[in-house]
Amino acid sequence: MLLPRVVVMEHDAIYGTANVLQELKLDGEGLIACGPNTCKFGKKIEDIIADKYAATTLTIRSATIEEVEHVANQATDKSFIIGVGGGKSIDTAKLASVKAKIPFISVPTAASHDGIASSRSSIHCKDKPHSIEAQTPLAVIADTKIIAQAPQRLLIAGCGDIISNYTAVKDWDLARKLKGEEFSEYAATLSQMTTQIIFNYSAQIKPNLEDSVRLVVKALVSSSVAMSIAGSSRPASGSEHKFSHALDQIAPKPALHGEQCAVGTIMMAYLHGGDWQGIRQSLENIGAPVDAKDLGVDDEQIIEALLYAKNIRPERYTILGEGLTRKAAEDLAKATMVIE
Ligand SMILES: [Zn+2]
């Protein structure tokens, strides 16, 4: 199991960055990789650690393989990479750290998906996002003050990514029963618990509140820990993720990963005979999308994504089995009120 060695989550956490680096016995120079909108935080961290660590700040423009190569090349003489940002810069910097064979420190400025603490990166290859195994961050420094300032839509997407654990675990259990797949009770239970916590507190997740941020970041970190225990993304990625990845390929303007996973979870929970209404209600409480309109995609794109979903990671068995017929996909989307 590879787990983050240090997780700091508090108000003004970034001011403790140098202490974390020292605790991890890191020396030498660092590369700070941030996004165009998070550059100010990257520069701030450079200043904060300046007494003890020399570092260069670099702006990541896209989450592409080319950008990963570029960042890795800039890191050849560095001892560690600090990724500062929401999705793209964390994903790109994490994979670049693997290529450069140095540790990765995650400093999320938003809590929109479990990639802030997990070993995986979502990277665009040929214009489409792919989930690639990178490495577990050596440390996660989550500054709740900074994350609380991020757009609420991002935190809501993070909740969607956590709620998707509900169907991911059901799919995993199904694969154990039907395909004899290896299953971890610990990983499954931890993953289910993170979803339950978000369900229980769904009415209390409000904009710009550090308490809400704390709740979601803890759940995202726990979700990543569940994946580390399992040794795969199984506890946090099932049929609902296949649906979201399919929609990424089909919709000209996809919504956020966690938003799409949220809607996918409603539909896959229905197929599993689970509490899809309860999930829908919790998502509504949080202000998350629950249908095609909320996602900004066409009804037809939802159907196409449901039909195509089986082709995403076909080796990962889920409730989608060999795939749905068009009629079954339409019935499913209508019954769950995802389309009209
Ligand atoms: Zn996800």
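Residues numbered from 1 in each chain as written. Predicted model: local features only at pLDDT ≥ 70, side-chain atom pairs only at ≥ 80, totals over all residues. Heavy atoms only, no water.

Novice: When you look at helix H3 (residues 65-74) in this model, what are you seeing that I'm missing?
Specialist: Along an α-helix, residues three or four apart share an orientation, since each turn contains 3.6 residues. Of all the positions in H3, only Glu67, Val68, Val71 and Ala72 are classed as buried. The buried residues of H3 all sit within an arc of 140° when viewed along its axis, so they share a single face. Residues Glu66 and Asn73 are exposed on H3 and point more than 90 degrees away from its buried face. Its buried side turned inward, H3 meets strand S2 (30-34), strand S3 (55-59), strand S4 (80-85), helix H4 (88-99) and strand S6 (120-125). (Buried < 20%, exposed > 50% of the residue type's maximum accessible area, 1.4 Å probe, protein only. Helix = DSSP H or I, 4+ residues; strand = E, 2+ residues; numbered from the N terminus. Arc of directions from axis to C-beta. Contact = heavy atoms within 4.5 Å.)

Novice: Could you clarify how one ought to interpret the packing of helix H6 (residues 152-163) against helix H12 (residues 276-286) in this entry?
Specialist: Packed helix pairs are characterised by how far apart their axes lie and by the angle those axes make with each other. Two elements in contact, H6 and H12, have axes whose closest approach is 10 Å; the angle formed by their N-to-C orientations is 165°. In this view, H6 runs roughly antiparallel relative to H12, as classed from their interaxial angle. The handedness of the crossing between H6 and H12 is right-handed. Across the interface between the two elements, Ile156, Cys159 and Ile163 from H6 touch Ile279, Leu283 and Ile286 from H12. Broken down by class, the residue content of the contact of H6 with H12 amounts to six nonpolar, no polar and no charged. (Axes fitted to C-alpha atoms, helices over the stretch in contact; angles between N-to-C directions. Parallel < 35°, antiparallel > 145°, perpendicular 65-115°, else oblique. Left-handed = near helix turned anticlockwise from the far one by under 90°. Nonpolar A, V, L, I, M, F, W, Y, C, P; charged D, E, K, R; others polar.)

Novice: Can you walk me through the pattern of salt bridges in this structure?
Specialist: Opposite charge on two side chains lets them pair, provided their charged atoms get close. The full count for this structure, using the stated rule, is 18 salt bridges. A salt bridge links lysine 78 to aspartate 77; the shortest N-O distance between them is 3.3 Å. Judged by relative accessible area, which is 54%, aspartate 77 ranks as exposed. A salt bridge links arginine 176 to glutamate 185, with the shortest nitrogen-to-oxygen separation between them at 3.6 Å. Through salt bridges that share partners, Asp173, Arg176, Lys177 and Glu185 make up one connected network. (Salt bridge = Lys/Arg side-chain N within 4 Å of Asp/Glu carboxyl O.)

Novice: Before we go on, may I ask you to explain the side chain of aspartate 248 in this structure?
Specialist: Along the polypeptide, aspartate 248 turns up in helix H10 (residues 239-250). Taking relative accessible area as the criterion, aspartate 248 reaches 13% and is therefore assigned buried. A polar atom in the side chain of aspartate 248 sits 3.1 Å from the side chain of glutamine 260. The residues touching aspartate 248, leaving out its near neighbours within four places in the chain, are Lys128, Pro129, Pro254 and Gln260. (Polar contact = N/O pair within 3.5 Å; in protein donor to acceptor, adjacent residues only side chain to side chain.)

Novice: Where do I start with the layout of surface pockets in this structure?
Specialist: Remark: the empty space left among the atoms is shown by a probe the size of a water molecule rolled over them. Approximately 220 Å³ is the volume attributed to the second largest pocket. Ser119, Glu133, Met227, Ser228 and Gly231 are, among the 14 residues lining the second largest pocket, the residues nearest its centre. With three residues, helix H9 (residues 210-230) is the single largest residue contributor to the lining of the second largest pocket. For the lining of the second largest pocket, a count of residues per class yields three nonpolar, nine polar and two charged. (1 Å grid on protein atoms, 1.4 Å probe; cavity = no way out; pocket = protein on both sides within 12 Å on 5 of 7 lines; lining within 4 Å. Points joined across faces, edges and corners; volume = space filled by probe spheres on them.)

Novice: Teacher, can you tell me more about the sheet that holds strand S5 (residues 104-108) here?
Specialist: Working definition: the strands of a sheet are paired by backbone hydrogen bonds and lie parallel or antiparallel to each other. Judged by pairing direction, the sheet is parallel, and its six strands sit side by side in the order S1-S8-S5-S4-S2-S3 without closing on themselves. Among the strands making up the open sheet, the edge pair consists of strand S1 (6-10) and S3. Ignoring strand direction, the axes of neighbouring strands in this sheet form an average angle of 15°. Judged from the five bridges that link them, S4 and S5 form a sheet pairing that is parallel. Across the sheet, residue valine 84 finds its bridge partner in S5, namely valine 107. Those strands touched by H4 are S2, S4 and S5, and its axis lies near 170° from that of S4. (Pairing = 2+ DSSP bridges.)

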